[in-house]
Amino acid sequence: MASLKIPTLKTPSHSLSSKLSLRSAFSANFPNSARFSRSQPQRGRVLIITSAASSSNKPTVLVAEKLGEAGLTLLKEFADVDCSYNLSPEELRSKISLCDALIVRSGTKVNRAVFESSCGRLKVVGRAGVGIDNVDLAAATEHGCLVVNAPTANTVAAAEHGIALLAAMARNVAQADASIKSGKWQRNKYVGVSLVGKTLAVLGFGKVGSEVARRAKGLGMHVIAHDPYAPAERARAVGVELVSFYEAIGTADFISMHMPLTPATSKMLNDETFAKMKKGVRIVNVARGGVVDEEALVRALDAGIVAQAALDVFSEEPPKQDNKLVQHEMVTVTPHLGASTMEAQEGVAIEIAEAVVGALKGELAATAVNAPMVPAEVLLELKPYVILAEKLGRLAVQLVAGGSGVKTVKVSYASSRPNLDTRLLRAMITKGIIEPISDVYVNLVNADYTAKQRGVRITEEHIHLDGSHEIPLEFIKVQIADVKSKFASATSKSGEIKVEGRVKDGIPHLTKVGSFRVDVSLEGSIILCRQVDQPGMIGKVGSILGEENVNVSFMSVGRVAPRKHAVMAIGVDDQPRKESLKRIGEVPAIEEFVFLKL
C-alpha cells in the first residue's frame, strides 16, 4: 500500500485580491454584453449565456447603498453604474433583472426572491464590508451568482475605535461630557483608572484583535489573548501571550471582544463566565452584539462584578430606547461606528469594486464567500463524503485544548481510484476546522486561501488501495499536530490528535479516535469517554442520559484489551445539561470525557 503526499495549493496574490480564473465556470467574457436565458436556472444545471449587443457594450452594476467615490470611479471605468439608494424590496426586484452585478452594505436584504427576479442575469453580489448576513448564500450559489465581500479595509478603523472606547471608558469621558453639558462640575465623581500596567485580555486574535493588542502594548498595558486558531509565532511577534479562555477572563482587568458571532461564540460572556472574572473588570465590545448576554451583563454591572462596559454593537440594532444596558450609568455606547472613518469607507469601496470588476472579467477574488456550482453528478457521488469531511474537521478541532493554536493538519484519503479529485473534501475539512469560530465562510473557492491567512498548513496523503473503483473512498483520516488535546485518548502514539471516519450505507460514521476503534454515526452530537473496561459501564452512562430525557442514537466501545482501557462513543440527539455531563464524569471508572457538538 503506497502513499503520496500532495502539497496544499497556494493562491498567488495580486493587489487587494488573490485571483484564479473562472471563465469556464461563467462562460462569459465582458466587456462584451451578455444576455442570460430568461428561464429560471434549476439546481445542478449550468446557466446558458449567449452574447448580445447593447448600446454601451458594458455590464451594468447596481449600487444599492452609498459607496465611496474611489470605488465608484473604479466601477465606472469598466461598467455602467446605476446608483439607486433606499430601494424598497419591490423596487430592487424590479431593477435586478437588468443588472449584472449588485453592491450593497448591511441595509439591503439580498434574499432568494432577488435572485429569482434576476432571471439568471445577476453574476456577482458585492457586500461592502465583512458580514454577509443579509445575503442568501445558498440561493446565490443555486442561481450561479458569486458573492464577494471586503473584509480587510476596515481593520485599522475597528481597532482604533476599540482603543478609543477603552480609554473613554477608563476615564469616564462620555459621562463627564454629559455632566458638564448639563451644567454640573463633578470632578470627584468621575475619577478614572489608569491603563498602564493593567492586563488586557483580547478575545479573538485575528486582524482586528491583533491591531488592538499592538496599540494597547503602546499604552503600557500587559496583553494576553485567547484564540484557538492564532499562530503562536504571530502572538509572540506582537509581544502577546496566548492563554486559555478561562485564564484570559479570570486574570484580566480589561477584556476586549474581537470574535465573529457563531453558535460557538453566541453569549460566550454570560452569568457563568462573568462569575469567573476578577471583580471590577471592564469590558469593550466592538465585535458583534450577540457574543455578550446583555441581560447577564446588566446583572454583572449591578452586582459590581463588571465595573464598566463600552459597547459599539448590540444584539438588536438599533437598540430600543428603554434598553437597560444602553441606559446604564456605567456603560459607554456608540452606534456601530467601528468601521466609520472616511479612510475605511474609501478602502472598503476600493476593495469591493476591485472584487466585483474582477468577477465580471471572469476572475475570482480571494474574498469570495461562495463557490461556483459543482457538476451535479460529482456532487451527488461525493455528498456523504463531503458531510463526513466537514464533521471530522469539526470533531478534530473541538478536541484541541484552549490556548493551542492549530497550525498543522494532515488529511489522508484511502481510495482505489488513482485520480480522485479531493479539492472539495479538503475544502470541507478546512471549513469544519476554521468556520466554527471564524467570520469567514469557507468553500471550494476560498478554503486554501483562508487556511493560509490563518497560518493553518493542510497537507494531503493519498493511500492507494487495490479494489473496485465503484466506491470513491474507503476512509478519511484527519490529524492535527503540535497541539494539546482536551481528550488524551484522541492522541496517537506519535502525538497528533487523530480521528478517522468512513461512509456506511450513505451515512458518515466515526470509526477511530486516537488508537481506539469505535463505530458511531456522525449525527447529532457525540460524548467520548475513556474508562476502565468493566461490566455495566454502558448501562450506567445510558441511565444518566435516560433520566435527563436525552435520546441515545448510537453507542460503541473500542478497547485495547479486555479489562483494560476502553473508549466509549455515544451519539446523542440533544445536548445534555451541564449537570448531566458532570454526573457522567463522576462515574468512578470514567477517567476522562468530552462532549463534541456537530
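Residues numbered from 1 in each chain as written. Predicted model: local features only at pLDDT ≥ 70, side-chain atom pairs only at ≥ 80, totals over all residues. Heavy atoms only, no water.

S.K.: Looking at this structure, I do not really get the overall build of the protein chain. What am I missing?
M.R.: The number of helices and strands found in the protein chain is 19 helices and 27 strands. Residues counted as buried form 52% of the 598 residues belonging to the protein chain. Contacts in the protein chain between residues at least 24 apart in sequence constitute 68% of all its contacts with a sequence separation of at least 6. When the accessible surface of the protein chain is split by element, carbon and sulfur atoms take 52% of a total near 27100 Å². (Helix = DSSP H or I, 4+ residues; strand = E, 2+ residues; numbered from the N terminus. Buried < 20%, exposed > 50% of the residue type's maximum accessible area, 1.4 Å probe, protein only. Contact = heavy atoms within 4.5 Å. Areas by Shrake-Rupley, 256 points an atom, 1.4 Å probe, with all protein chains shown as cover.)

S.K.: Please explain the sheet that holds strand E16 (residues 331-333) as it appears in this structure.
M.R.: Where strands meet in a sheet, backbone hydrogen bonds hold them as pairs that are either parallel or antiparallel. Here we have seven strands laid out as an open sheet, ordered E12-E11-E10-E13-E14-E15-E16, and parallel in their pairing. In this open sheet, the two strands that pair with only one neighbour each are strand E12 (241-242) and E16. Bridge count between strand E14 (residues 281-285) and strand E15 (residues 306-311): five bridges; the pairing is parallel. Following the sheet pairing, Val284 is matched in E15 by Ala310. (Pairing = 2+ DSSP bridges.)

S.K.: How do you make sense of helix H19 (residues 578-585) when you look at a structure like this?
M.R.: One turn of the α-helix equals 3.6 residues, which is why residues spaced by three or four share an orientation. Residues of H19 that are buried include every one of Ser580, Leu581 and Ile584, and no others. On an axial view of H19, the arc spanned by its buried residues comes to 100°, and they lie on one face. Facing away from the buried side of H19, by more than 90 degrees, are the exposed residues Lys578 and Lys582. Tucked inside the fold, the buried residues of H19 contact strand E24 (525-532), helix H18 (537-547) and strand E27 (590-597). (Arc of directions from axis to C-beta.)

S.K.: Explain the pattern of salt bridges here, please?
M.R.: As a working rule, side chains carrying opposite charge can pair if their charged atoms are close by. Scanning the model with the defined rule gives 28 salt bridges in all. Between Asp448 and Arg426 there is a salt bridge, and its shortest N-O distance comes to 2.9 Å. Of this pair, Asp448 sits in helix H17 (residues 447-453) while Arg426 is found in helix H16 (residues 423-434), placing the two residues 22 residues apart along the sequence. Neither Asp448 nor Arg426 differs from the other in exposure class; each is buried. (Salt bridge = Lys/Arg side-chain N within 4 Å of Asp/Glu carboxyl O.)

S.K.: What should I look at first to understand the side chain of Ser580 in this one?
M.R.: Within the secondary structure layout, Ser580 lies in helix H19. With residues up to four places along the chain from it excluded, the contact list for Ser580 reads Ile544 and Glu548.

S.K.: So what exactly am I meant to see when it comes to the nonpolar core here?
M.R.: If you look at soluble globular proteins, the nonpolar side chains tend to sit buried side by side. Membership of the largest hydrophobic core comes to 52 residues, with the highest contact counts inside it found for Leu399, Val406, Val409, Ile476, Leu510 and Leu528. Among the elements that line this core, the one with the most residues is helix H15 (residues 376-398), at nine residues. Taken together, domain 3 (375-514) and domain 4 (522-597) each give at least three residues to this core, which thus spans both. Aside from chain neighbours lying at most four places away, what touches Val406 is Pro228, Tyr229, Val397, Val400, Ile433, Gly455, Val456, Ile480 and Val483. Membership of the second largest hydrophobic core comes to 31 residues, among which are Met257, Met277, Val281 and Val292. (Core = buried A, V, L, I, M, F, W, Y, C linked by side-chain atoms within 4.5 Å. Domains from an automatic or database assignment.)

S.K.: What is the right way to look at the sheet that holds strand E9 (residues 146-149) in this model?
M.R.: Taken together, five strands build an open sheet; the order of strands is E6-E5-E7-E8-E9 and the sheet is parallel. Looking at strand neighbours, the two that pair on one side only are strand E6 (80-83) and E9, the edges of this open sheet. Direction aside, neighbouring strands of the sheet carry axes that sit 20° apart on average. The sheet contact formed by strand E8 (residues 124-127) and E9 spans four bridges and is parallel. (Axes fitted to C-alpha atoms, helices over the stretch in contact; angles between N-to-C directions.)

S.K.: Please explain the packing of aromatic side chains as it appears in this structure.
M.R.: Any two aromatic rings considered together are summarised by their centre-to-centre distance and by the angle between their planes. Tallying each qualifying case throughout the model produces one aromatic pair. Judged by centre distance (5.1 Å) and plane angle (75°), the ring pair of Phe245 and Tyr246 falls under edge-to-face. Judged by its relative accessible area of 13%, Phe245 falls in the buried class. (Phe/Tyr/Trp six-rings, centres within 6.5 Å; stacked < 30°, edge-to-face > 60°.)

S.K.: How should I be thinking about the packing of helix H2 (residues 69-76) against helix H14 (residues 342-360) in this particular structure?
M.R.: Each pair of packed helices can be described by the angle between their axes along with the distance between the axes. Where H2 contacts H14, the axes come no closer than 7 Å and their chain directions differ by 20°. Comparing their axes, H14 and H2 come out roughly parallel. In terms of crossing hand, the pair formed by H2 and H14 is right-handed. Taking contact as the criterion, the partners of Glu69, Ala70, Gly71, Leu74 and Leu75 in H2 are, on H14, Glu346, Ala349, Ile350, Ala353, Glu354, Val356 and Val357. Across the contact of H2 with H14, the residue classes tally to eight nonpolar, one polar and three charged. (Parallel < 35°, antiparallel > 145°, perpendicular 65-115°, else oblique. Left-handed = near helix turned anticlockwise from the far one by under 90°. Nonpolar A, V, L, I, M, F, W, Y, C, P; charged D, E, K, R; others polar.)

S.K.: Would you mind going over unusual backbone geometry with me for this structure?
M.R.: The phi torsion of most residues other than glycine is negative, and most of the peptide bonds are trans. Here the amide bond leading from Glu317 into Pro318 is cis, since omega sits at -5°, within 30 degrees of zero. With respect to the helices and strands, the residue Pro318 is situated in the loop between E15 and helix H13 (324-327). Here Asp505, not a glycine, exhibits a phi torsion of approximately 55°, which is positive. The topology assignment puts Asp505 in the loop between strand E21 (497-504) and strand E22 (507-513). Residue classification places Asp505 among the exposed residues on the basis of a relative accessible area of 82%. Positive phi, close to 60°, is recorded for Asn549, a residue that is not glycine. Tracing the chain through its elements places Asn549 in the loop between H18 and strand E25 (552-559).

S.K.: Even after reading the chapter, I still don't get the packing of helix H6 (residues 155-170) against helix H8 (residues 207-218), so can you show me in this structure?
M.R.: Running from N to C, H6 and H8 point in directions that differ by 50°, and their axes come no closer than 8 Å. When the axes of H6 and H8 are compared, the pair comes out oblique. Read as a crossing pair, H6 and H8 show a hand that is right-handed. Residue-level inspection shows Thr155, Val156, Ala158, Ala159, Glu160 and Ile163 of H6 in contact with H8, the latter providing Lys207, Val208, Glu211, Val212, Arg215 and Ala216. Tallied by class, the residues present in the contact of H6 with H8 amount to seven nonpolar, one polar and four charged.

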